[in-house]
Amino acid sequence: MLNEVILKISDSSELESLLAQISNNFNWVIAGNQDIQEYYYDTFDWRLFNQNLCLIANNNMLSLSEYNTNSRISSEACKKPKRKYFWNSFRDKLLRDELKVLLQHRALLKICKCDKNTELFRLLNEDDKTIAKLSFEKLTISNDLNIKFDSCIIRIQGIRGYSKEFKMIKNIVASAGLKRVDDNYLFFIFSHLGRVPGKYSSKIKINLDAEMTTAESIRLILMKLADIIIESEDGIKQDIDIEFLHDYRVSVRKGRVILSELKNIIPVHIRKELKEIFAELGERTNNLRDLDVYLLKKSTYESYLPDVLKKELSPLFDNIRKERLQAFKKLKSFLISEENKNMILQMECLLEEDFTFTNSSEGDKPVLHQSKLAIYKRCKSILKIGRRIKSNSKDEQLHDLRLECKKLRYLLELFASLFPPKEIDFLVSQLKMIQDNLGDFNDLSVQQDKMKMYLDSYLGKSKSEINLASVIGGLITSLHQRNQVVRNEFLEIFKQFDSKKNNKIIISLFSS
Amino acid sequence: MKIVSVYNMKGGVGKTTICVNLAYAASKAGFNTLLVDLDPQGASSFYFRTKPRKKFDSSKLLSGYEKVYKSIKGSDYDFLDVLPASVSYRNLDIELDSMRKSKKQLKNVLKQLKDDYDIIFIDSPPNLTLLSENIFESSDLMIIPLIPTPLSLNAYNKLSEFLSQKNKNLKCGITFSMVEKRKEIHRSILQNFTVSKEVLQFSPIPNSSQIEKMGQYREPILAKHPKGKASEAFVLLWNEVRKFLYP
């Protein structure tokens with residue numbers, strides 16, 4: 001940190017010795033003693049930590065700071081720290097704006113509690129002006145998993161405008177030979193709590209070696225995916241935020257894609273059983289995810305409607321919320337069931353088995369070769385289907401293309417480490433444009449069907465039902481119109497993807 | 001970012017005491033606070049034991065963000081910084097006079113600190129000059145401390161007249177300071193004094209021996225005697241100011 005030094009010490013004797021050395025240059029006075037409790041927050045995937053940020057709450061104040069410069073970004077009063085926060089839990093505009101971008105749908109979770117007993121000292125110049133603050137902190141850090149550890153630190157904070165004096169203090173600290181932990185203080189705190197800070201990410205990064213066998217590479221990839229599935233379960237069961245389920249499902253789908261796209265690589269029974277497990281896990285979670293997505297669409301739906309009809313939408317979303325609660329309960333009871341536990345155990349056992357024991361030699365071939373084959377095949381298929389689509393083609397053709405694109409996207413992400421990052425990133429960005437278009441097209445089609453389903457379920461007996469039916473009718477019309485717009489945009493977007501440049505990259509990277 | 005100035009063209013009315021304590025109260029409430037001491041006497045700077053950088057002077061103050069930012073000093077308190085006054089501020093009027101848009105120079109400098117601070121308090125020198133007009137232009141709220149005496153009210157009336165002609169949009173609030181309720185004249189003025197509806201009337205600050213001793217211990221009274229009567233009055237005043245700034 002720029003104006004802070006944090007020293008890890010074993011006991012108060014080291015403090016006394018440091019103060020004795022400081023007193024050769026500066027006076028110091030005791031400025032008090034305080035006990036405070038602090039709560040550290042971050043998302044499950046460490047979005048704050050990865051950006052050098054930390055959110056700390058105590059019984060008065062909740063502040064977001066940049067921890068390597070110790071500068072506070074924003075704060076607001078807080079009476080009792082909560083178990084979790086979303087970006088819109090905060091009142092302060094700056095806090096909301098900053099966190100909205102970072103967190104999106106992720107919740108900030110209480111990572112740990114820190115009981116801190118602090119003895120405060122002020123270091124003074126000849127005018128008795130404080131030129132630095134020193135605190136001796138006895139910390140007891142604990143979390144909900146009953147992990148607890150004690151530590152002692154000395155924190156010295158420089159005061160703005162007194163950098164020369166702070167430099168002198170830093171020199172004294174350096175000559176005292178104490179261990180500095182200010183560059184990795186948060187890591188130091190979090191790493192004692194059973195999870196490696198910054199490690200979890202839904203975007204798995206696997207460094208594959210081009211010469212590694214394909215079977216071994218697939219095992220590595222599947223193991224990482226399985227880790228995410230297992231790690232996400234708790235968050236889904238506790239309904240912390242919707243991203244746990246999203247990460248879970250993306251990993252399940254990636255698992256399915258890799259098993260279906262790289263055939264004859266691993267033993268048949270392993271492939272078959274894993275495919276069945278992934279299919280089952282995907283199926284079980286479909287409904288809840290669909291309902292999560294509908295709830296996210298509320299403001300979009302409102303934007304489709306004239307002001308006079310917007311409030312009439314509430315009963316529909318009340319219904320969706322009720323449905324979601326049912327779906328959540330159903331999924332939770334599955335996740336805690338023996339059936340799920342056995343399935344996960346079976347998945348882990350299968351991943352421990354010998355992947356090389358096959359009748360074919362495909363699994364022994366280098367992963368670079370096999371991944372190129374799989375990716376190139378999928379690229380060709382996308383170009384073939386896409387080129388056939390005309391303005392009057394059936395919707396099904398677009399849906400088929402969407403699924404193909406998804407497969408290609410997953411393959412590109414999973415095998416990214418084997419190819420030049422710049423080209424892969426570019427290709428992914430090009431693919432993403434089609435995916436966004438086709439994704440919107442699919443969502444709008446599915447949403448129309450769902451709205452139609454709701455419409456059919458209303459009998460139109462009461463005035464509120466009639467109002468709601470008229471709103472849904474309006475919504476279906478808007479969804480349909482939007483769907484047509486998206487569809488009309490497709491041909492131009494695909495043409496861009498099918499450019500000479502992209503075709504050249506595809507051939508140079510993936511054709512053997 | 002909000003800018004609050006504490007101003008009166010009359011001296012010895014308690015401007016510095018109010019400014020120092022309001023800045024402290026704001027910082028305690030979690031606002032990133034800067035006190036800008038524009039009075040060359042440097043009383044606010046003295047209370048916070050801060051001295052200007054050797055290279056800092058009136059021309060640097062008007063030269064823009066970087067030199068001003070570099071000259072800010074941390075106080076002994078969290079979230080409270082001070083831009084100490086320089087004796088050279090006695091030349092500020094001459095320098096302002098030679099500049100284009102001479103009444104908006106201070107505002108231009110201070111607004112560049114908007115990403116660094118939530119609130120700025122200005123302690124003003126006691127006169128009515130071009131610098132004062134810069135202060136008027138900069139302020140979201142100007143607090144005018146008044147001692148409940150005829151002389152002080154006379155000065156206020158003159159100021160009101162000036163402001164009503166030249167700075168109609170400036171939001172002002174008065175607070176009676178150094179109030180001694182045992183004095184009949186104080187009681188009478190407090191009872192009978194009224195302000196126009198555009199002007200806010202904040203709670204008064206009592207006279208107190210603790211306040212007089214601030215110069216000895218060089219700390220805001222809110223820090224030294226947080227439970228005292230004077231502190232209670234400053235807390236009340238801060239709450240009223242806060243309510244106005246952040247309704």
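J.: Could you give an account of the interface of chain A and chain B, with specific residues and numbers?
T.: Listed per partner, the contact involves 11 residues of chain A and 8 residues of chain B. For the side of chain A that touches chain B, the class distribution of residues is 3 nonpolar, 3 polar and 5 charged.

J.: I'd love a proper account of the domain arrangement of chain A, names of residues and values included.
T.: Accessible area lost during the coming together of the parts is what is often quoted as the interface size. Residues and elements named next belong to chain A. Partitioning chain A into structural domains gives domain 1 (4–193), domain 2 (202–365) and domain 3 (366–512). On a C-alpha basis, the centres of domain 2 and domain 3 stand 19 Å from each other. If you look at the interface, domain 2 gives 26 residues, while domain 3 gives 23 residues. Along the lines of polarity and charge, the residues of the side of domain 2 that touches domain 3 split into 16 nonpolar, 4 polar and 6 charged.

J.: Break down the packing of helix α12 (residues 367–388) of chain A against helix α13 (residues 395–414) of chain A for me, with residues and values.
T.: What describes two packed helices is the angle between their axes and the distance between those same axes. Residues and elements named next belong to chain A. One can describe the packing of α12 onto α13 by two numbers: an axis separation of 9 Å at closest approach and a directional angle of 155°. Here α12 lies roughly antiparallel to α13, going by the angle between them. Between α12 and α13 lies a crossing whose hand is left-handed. Counting all contacts with α12, which are made through A374, I375, R378, C379, S381, I382, I385, G386 and R388, the residues of α13 involved are Q397, D400, L401, E404, C405, K407, L408, L411 and L412. Across the contact of α12 with α13, the residue classes break down as 10 nonpolar, 3 polar and 5 charged.

J.: Can you tell me about the packing of helix α5 (residues 214–237) of chain A against helix α11 (residues 338–352) of chain A, naming the residues and giving the values?
T.: Residues and elements named next belong to chain A. At a minimum axis distance of 10 Å, the contact between α5 and α11 shows a crossing angle of 160°. Compared by their axis directions, α5 and α11 come out roughly antiparallel. Handedness of the crossing formed by α5 with α11: left-handed. Contacts between α5 and α11 pair R219, L222, M223, A226 and I230 from the former with I344, M347, E348 and L351 from the latter. Taken together, the residues that form the contact of α5 with α11 break down as 7 nonpolar, no polar and 2 charged.

J.: Got a sec to walk through helix α15 (residues 463–497) of chain A? Specific residues and values, please.
T.: Residues and elements named next belong to chain A. Look at α15: 50 Å from first C-alpha to last across 35 residues, which is about the 51 Å you get at 1.5 Å a residue. Most pronounced at F490, the bend in α15 amounts to some 30°. Those residues of α15 that fall on the buried side of the exposure criterion are L468, V471, I472, L475, L479, V486, R487, F490 and F494.

J.: Before we move on, could you go through the environment of Q448 of chain A and cite the residues and values that matter?
T.: Topologically, Q448 of chain A is positioned in helix α14 (residues 421–457). In sequence terms Q448 of chain A and L102 of chain A are 346 residues apart; their C-alpha atoms lie 31 Å from each other.

J.: Got a sec to walk through the sheet that holds strand β1 (residues 2–6) of chain B? Specific residues and values, please.
T.: Residues and elements named next belong to chain B. Read from one edge to the other, the open sheet built from 8 strands follows the order β3-β4-β2-β5-β1-β6-β7-β8, with strand pairing classed as mixed. A single partner strand is all that each edge strand has here, and the edge strands are β3 (73–74) and β8 (200–201). Here 5 bridges tie strand β6 (residues 141–146) to strand β7 (residues 172–176), and the two strands are oriented parallel to one another. By the bridge assignment for β7, L146 is matched with F176. On top of the sheet, helix α8 (residues 150–166) reaches β6 and β7; it is set at about 155° to β6, its chief contact.

J.: Tell me about unusual backbone geometry, and name the residues and values.
T.: The phi angle at W46 of chain A is positive, at roughly 60°, despite the residue not being glycine. Residue placement: W46 of chain A occurs in the loop between β2 (27–42) and β3 (53–57).

J.: Which residues make up the nonpolar core, and what values go with them?
T.: The biggest cluster of nonpolar side chains holds 100 residues, and the ones touching the most others in it are A132, I218, I258, I375, L411 and F415 of chain A. For this core, the element with the highest residue contribution is α5 of chain A, accounting for 9 residues. Aside from chain neighbours lying at most four places away, what touches L411 of chain A is V257, E261, A374, I375 and R378 of chain A. Within the second largest apolar cluster, 67 residues are counted, among which are A25, A26, L131 and F136 of chain B.

J.: Can you break down the environment of I270 of chain A residue by residue, with the values?
T.: Its place among the elements puts I270 of chain A in helix α7 (residues 268–296). Between the alpha carbons of I270 of chain A and E353 of chain A there is a distance of 8.2 Å; along the sequence they are 83 residues apart.

J.: Describe in detail the pairing of strand β2 (residues 33–37) of chain B, supporting the description with residues and values.
T.: All names here are of chain B. With 5 of 5 residues buried, β2 is to be regarded as a mostly interior element. The side-chain alternation of β2 yields two buried faces, one formed by T33, L35 and D37 and the other by L34 and V36. Here 4 bridges tie β2 to strand β4 (residues 80–83), and the two strands are oriented parallel to one another. Paired with L35 across the two strands is V82, which belongs to β4. Judged from the 5 bridges that link them, β2 and strand β5 (residues 119–123) form a sheet pairing that is parallel. Considered in β5, the bridge of L34 is made with I120.

Rules behind the numbers
Residues numbered from 1 in each chain as written. Chains lettered and ligands numbered in written order. Predicted model: local features only at pLDDT ≥ 70, side-chain atom pairs only at ≥ 80, totals over all residues. Contact = placed C-beta atoms within 7 Å. Nonpolar A, V, L, I, M, F, W, Y, C, P; charged D, E, K, R; others polar. Domains from an automatic or database assignment. Axes fitted to C-alpha atoms, helices over the stretch in contact; angles between N-to-C directions. Helix = DSSP H or I, 4+ residues; strand = E, 2+ residues; numbered from the N terminus. Parallel < 35°, antiparallel > 145°, perpendicular 65-115°, else oblique. Left-handed = near helix turned anticlockwise from the far one by under 90°. Expected span 1.5 Å × (residues − 1). Bend = angle between axes of the 7 residues up to and from the residue. Buried ≥ 20, exposed ≤ 12 C-beta atoms within 10 Å, placed from the backbone. Pairing = 2+ DSSP bridges. Core = buried A, V, L, I, M, F, W, Y, C linked by C-beta atoms within 7 Å.

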